[in-house]
Amino acid sequence: MKDKKHGGRPRLAPICNEMKLDFPSHSKNESFARAAAGAFIASLDPTASELSDIKCALSEAVTNCTVHAYPDHIGIIRLQIKLRTDGTVIMSVKDSGVGIPDIEKAREPLFTTDAAGERSGMGFTVMESFCDSIKVTSKTGKGTTVTMTRKLAGKSAL
Amino acid sequence: MIKSNCQYRFTATTEGLVVSVSGEIDHHSALSMRRDVDNIIWNRTPTHLILDMSEVNFMDSSGLGFIMGRYALMKEIGGSLSLRDPSPVVMKMLTMTGFDKKVRISNTAKL
């Protein structure tokens, strides 16, 4: 649907539910974040495959915070999830960590700054593969926000 | 009390050392599993390491890093690694990253 008020861009379905969760960047909270997101998204009745994809993409974003954003101390990770009435899931993972100096480089497959830690360098590739879109904003010394969007097939939150 | 969402056990077989993994492999669980598996590799120096992935119900790229790391270590000691019965979530990750072309995958009849 096109809307003249929105400059010809498709009009987005309204937000029907949202959640925010702040938690410390302990690695054990990676599974907690996935479980919380899974429980919240369950109202959209996702398929097992969709749920698995979303959890995996989220896990990558949260792990990036644990490993890269806060390399030497525990910081706060903010997870925000919004659901649109057309079944679109928007997840944002925000940190106040070190930031990414070169986002394009960081998004390249197999690129990692932590080879010793056995990072595969596939985190962003996984996020991109499992989501319809991904947006990364970052400022060195200020932090990073990763926003991922995935529309569930044939779902409506109404 | 369940401390970890990932469990693993070791079995010595005629085919090689089998590590049967179940549950969720993420960055957190991969850390301790990596330490334990590497310890046993260095102590026993098996010629073949088999990672049974049939009971893995979640794996992100940290799990992939774990597999790649053990693959490299087994190569370093002159051995080899294979994956047994990777579950759909594991297979999806291997296929997406092209690692399914690099590592040997065996599917037994138990699935």
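In this text the structure is predicted, and so the values were computed from the model without any measurement.

Caption draft 1: View of the overall build of chain B. A count of helices and strands for chain B gives three helices and five strands. In chain B, the order of α-helices and β-strands from amino to carboxyl end is β-β-α-β-α-β-α-β. The C-alpha radius of gyration of chain B comes to 13 Å, within 12% of the 13 Å expected for a compact globule of 111 residues. Here the C-alpha coordinates of chain B stretch approximately 35 × 30 × 25 Å along the principal axes. Per-residue burial over chain B gives 51% buried out of 111 residues. For chain B, contacts bridging at least 24 residues in sequence account for 67% of all contacts bridging at least 6. Summed over all atoms, the accessible surface of chain B reaches about 5400 Å², with 52% contributed by carbon and sulfur. With 13 positive and 11 negative side-chain charges, chain B shows a spacing of 3 Å between the two charge centroids.

Caption draft 2: Broad picture of unusual backbone geometry. Backbone geometry at Asp45 of chain A places phi at a positive 55°, although glycine is not the residue there. Tracing the chain through its elements places Asp45 of chain A in the loop between helix H1 (29–41) and helix H2 (48–69). Backbone geometry at Asp85 of chain B places phi at a positive 45°, although glycine is not the residue there. Tracing the backbone through its elements, the reader meets Asp85 of chain B in the loop between strand S4 (80–84) and helix H3 (88–97).

Caption draft 3: Examining the environment of Phe130 of chain A more closely. As for its position among the elements, Phe130 of chain A is in helix H4 (residues 123–130). Among all residues touching Phe130 of chain A, those that are not within four sequence positions of it are Asp53, Cys56, Ala57 and Arg150 of chain A together with Lys92, Met93 and Met96 of chain B.

Caption draft 4: Focus on helix H1 (residues 27–44) of chain B. Across its 18 residues, H1 of chain B extends 26 Å between first and last C-alpha, which sits within 8% of the 26 Å expected from 1.5 Å per residue. Residues of H1 of chain B that are buried make contact with H1 and H2 of chain A together with strand S1 (6–12), strand S2 (17–25), strand S3 (48–59) and helix H2 (61–76) of chain B. Two or three places before His28 of chain B, at the start of H1 of chain B, stands the capping residue Asp26 of chain B, its side-chain oxygen 3.1 Å from that residue's backbone nitrogen. Looking one or two residues past H1 of chain B, Thr45 of chain B carries a phi angle of roughly 35°, positive in sign.

Caption draft 5: Looking closely at the confidence of the model for chain B. Mean pLDDT for chain B: 92, with 95% of residues reaching 70 or above. Here the predicted complex scores 0.89 on pTM and 0.89 on ipTM.

Caption draft 6: Broad picture of the environment of Thr108 of chain B. Residue and element names in this part refer to chain B. Mapped onto the elements of the fold, Thr108 is located in the segment after strand S5 (104–106). Taking the C-alpha atoms as reference, Thr108 lies 6.4 Å from Asp85; in sequence the two are 23 residues apart. Apart from the residues lying within four places of it in its own chain, the contact partners of Thr108 are Arg84 and Asp85. A polar contact is formed between the side chain of Thr108 and the side chain of Asp85, at a distance of 2.5 Å.

Caption draft 7: Looking closely at the state of the cysteines. Enumeration over the complete set of coordinates arrives at zero disulfides over all chains. A disulfide-free cysteine, Cys56 of chain A has its sulfur positioned 9.5 Å from the sulfur of Cys131 of chain A, the nearest such atom.

Caption draft 8: Main features of the sheet that holds strand S5 (residues 143–151) of chain A. Residues and elements named next belong to chain A. The antiparallel open sheet is built from five strands, whose spatial order is S1-S2-S3-S5-S4. Single-partner strands in this sheet number two, and they are strand S1 (15–24) and strand S4 (133–139). The sheet shows a mean angle of 10° between the axes of neighbouring strands, direction not considered. The sheet strands contacting H1 are S1, strand S2 (76–84) and strand S3 (88–95), and the helix crosses S1 at an angle near 165°. Running over the sheet, H2 touches S1, S2, S3 and S5 and is turned about 10° from S3.

Caption draft 9: Region of the structure containing the interface of chain A and chain B. Each partner contributes residues to the interface: chain A has 26 residues there, and chain B has 22 residues. When chain A packs against chain B, the two sides together hide about 1800 Å² of surface, and 53% of this comes from carbon and sulfur. With its nearest N and O atoms 2.6 Å apart, the salt bridge here joins Arg34 of chain A to Glu24 of chain B. Linking chain A with chain B are ten residue pairs in polar contact (both at pLDDT 80 or more), by the criterion used here. Sorting the residues of the side of chain A that touches chain B by element identifies H1, H2 and H4 of chain A as the ones contributing at least two each. Counting residues per element, the side of chain A that touches chain B draws most heavily on H2 of chain A, at ten residues. Considering only residue class, the side of chain A that touches chain B consists of six nonpolar, twelve polar and eight charged.

Rules of the game
- Residues numbered from 1 in each chain as written.
- Chains lettered and ligands numbered in written order.
- Predicted model: local features only at pLDDT ≥ 70, side-chain atom pairs only at ≥ 80, totals over all residues.
- Heavy atoms only, no water.
- Helix = DSSP H or I, 4+ residues; strand = E, 2+ residues; numbered from the N terminus.
- Rg over C-alpha atoms; globule rule 2.2 N^0.38 Å.
- Buried < 20%, exposed > 50% of the residue type's maximum accessible area, 1.4 Å probe, protein only.
- Contact = heavy atoms within 4.5 Å.
- Areas by Shrake-Rupley, 256 points an atom, 1.4 Å probe, with all protein chains shown as cover.
- Lys, Arg positive; Asp, Glu negative; His and termini not counted.
- Charge placed at Lys NZ, Arg CZ, Asp CG, Glu CD.
- Expected span 1.5 Å × (residues − 1).
- Polar contact = N/O pair within 3.5 Å; in protein donor to acceptor, adjacent residues only side chain to side chain.
- pLDDT = per-residue confidence, 0-100.
- Disulfide = S-S within 2.5 Å.
- Pairing = 2+ DSSP bridges.
- Axes fitted to C-alpha atoms, helices over the stretch in contact; angles between N-to-C directions.
- Buried area = accessible area lost by both parts, 1.4 Å probe.
- Salt bridge = Lys/Arg side-chain N within 4 Å of Asp/Glu carboxyl O.
- Nonpolar A, V, L, I, M, F, W, Y, C, P; charged D, E, K, R; others polar.

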